[in-house]
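Okay, here's what each chain looks like letter by letter:
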Amino acid sequence: QDGIFHPVFFRHVVGMFVMNNHHVHLQSSTDPSVQLLGTALYPTVSKMNHSCECNTTNSHSKTDVQLAVYATEAVRKGQELTTSYLHRRPAHAKPQSRRSRHKCMLQYLFTCTCPKCEKERLLAQSIRRAKRGDSNTNNADSEYSDDDDEEESSSSEGEDEEYHYGANQCY
């Protein structure tokens, strides 16, 4: 009844903007001490799907709002270009566990099913079955069972904490 001003519609539109925007950090071309911070919506880039092992990287210009997307590996004709919704981690950092990556991805309201996550999910499932002595492959394990949480938290406790800088920035 309220159209675009209805609270639910408005939250939905704002949510789409927040989920699809990119941080922009510009430096003034006339005065290098002036820096501008903001966000920008890049319609083409915002349509790219996530993969924990993406095949592109983004680069922002320091003097304008252009965003360049570069392939990080050879891309076959028809292959999907993917990006990572997670921030890059420092090169010396340990790889994030699947559980940690998925906690960071909760803000995007989906569960990652990229090849890396699926491979790790199936491995975790096999380990749980082996621990239980369960050879039945038709027994459907949940995405994150209590066993999975215990297993991953015990093996990677504190692993990602030193690179987690806030609820919206998972490193």
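Residues numbered from 1 in each chain as written. Predicted model: local features only at pLDDT ≥ 70, side-chain atom pairs only at ≥ 80, totals over all residues. Heavy atoms only, no water.

J.: How should I be thinking about the overall build of the chain in this particular structure?
T.: If you tally the helices and strands in the chain, you get five helices and six strands. The order of α-helices and β-strands along the chain, N terminus first, is α-β-β-α-β-β-β-β-α-α-α. For the chain, buried positions account for 28% of its 171 residues. A sequence separation of at least 24 residues applies to 52% of the contacts in the chain between residues at least 6 apart. Total accessible area on the chain stands at roughly 12,000 Å², and carbon and sulfur atoms take up 55% of it. (Helix = DSSP H or I, 4+ residues; strand = E, 2+ residues; numbered from the N terminus. Buried < 20%, exposed > 50% of the residue type's maximum accessible area, 1.4 Å probe, protein only. Contact = heavy atoms within 4.5 Å. Areas by Shrake-Rupley, 256 points an atom, 1.4 Å probe, with all protein chains shown as cover.)

J.: Help me understand the nonpolar core, please; the structure alone is not making it clear to me.
T.: Considering soluble globular proteins, one finds that nonpolar side chains tend to be buried as a cluster. Of all hydrophobic cores here, the largest spans seven residues; its members are Val-24, Leu-26, Ala-40, Tyr-42, Val-45, Met-48 and Leu-67. Among residues more than four places away in sequence, those in contact with Val-24 are Leu-36, Leu-37, Gly-38, Thr-39, Ala-40, Tyr-42 and Val-65. (Core = buried A, V, L, I, M, F, W, Y, C linked by side-chain atoms within 4.5 Å.)

J.: Whenever I open this one, the pairing of strand β4 (residues 56-60) confuses me. Can you help?
T.: Each regular strand shows side chains that alternate between the opposite faces of the sheet. Taken together, the five bridges between β4 and strand β5 (residues 67-71) define a ladder with antiparallel strand orientation. Across the sheet, the residue bridging to Ser-59 is Ala-68, located in β5. From the end of β4 to the start of β5, which pair antiparallel, there are six residues. (Pairing = 2+ DSSP bridges.)

J.: What is the right way to read the environment of Ser-28 from this model?
T.: Mapping Ser-28 onto the fold places it in the loop between β1 (21-27) and β2 (35-41). In this structure the C-alpha to C-alpha distance between Ser-28 and Asp-64, which are 36 residues apart in sequence, comes to 9.0 Å.

J.: Got a minute to help me understand the pattern of salt bridges in this structure?
T.: Proximity of charged atoms lets side chains of opposite charge pair with each other. In this structure the tally under the stated criterion is two salt bridges. Among the salt bridges present, the one from Arg-101 reaches Glu-120, with a minimum N-O distance of 2.7 Å. Taken together, the residues span a long stretch of sequence, with Arg-101 in helix α3 (residues 98-105) and Glu-120 in helix α4 (residues 115-132) at a distance of 19 residues. Taking relative accessible area as the criterion, Glu-120 reaches 25% and is therefore assigned partly exposed. (Salt bridge = Lys/Arg side-chain N within 4 Å of Asp/Glu carboxyl O.)

J.: Help me understand the side chain of Ser-100 in this model?
T.: Relative to the helices and strands, Ser-100 resides in helix α3. Within polar-contact distance, the side chain of Ser-100 engages the side chain of Gln-96 at 3.4 Å. (Polar contact = N/O pair within 3.5 Å; in protein donor to acceptor, adjacent residues only side chain to side chain.)

J.: Is there a simple way to explain a nonpolar patch on the surface in this structure?
T.: Together, Phe-10, Val-14, Phe-17, Val-18, Met-19 and Leu-41 give the surface a local cluster of nonpolar side chains, amounting to about 510 Å² of exposed area. Element by element, the count of residues in the nonpolar patch is highest for helix α1 (residues 7-20), at five residues. With respect to the helices and strands, the residue Phe-17 is situated in helix α1. Its relative accessible area of 35% is what places Phe-17 among the partly exposed residues. (Patch = residues over 30% accessible without salt bridge, like charges linked within 9 Å, V, L, I, M, F, W, Y side chains within 5 Å.)

J.: Could you clarify how one ought to interpret α4 in this entry?
T.: Note: α-helices contain 3.6 residues per turn, so residues at a spacing of three or four share the same orientation. With 18 residues, α4 ought to run about 26 Å at 1.5 Å a step, and its terminal C-alpha atoms sit 26 Å apart, in line with that. Of the positions making up α4, those classed as buried are Cys-117, Arg-121, Ala-124, Gln-125, Arg-128 and Arg-129. Each buried residue of α4 lies within a common arc of 135° when the element is viewed along its axis, so the set occupies one face. For α4, the exposed residues lying more than 90 degrees away from the buried face are Pro-115, Lys-119, Leu-123 and Ala-130. Remark: Gly-133 follows α4 within two positions and exhibits a positive phi of approximately 75°. (Expected span 1.5 Å × (residues − 1). Arc of directions from axis to C-beta.)

Nothing here speaks to function; it is all geometry.
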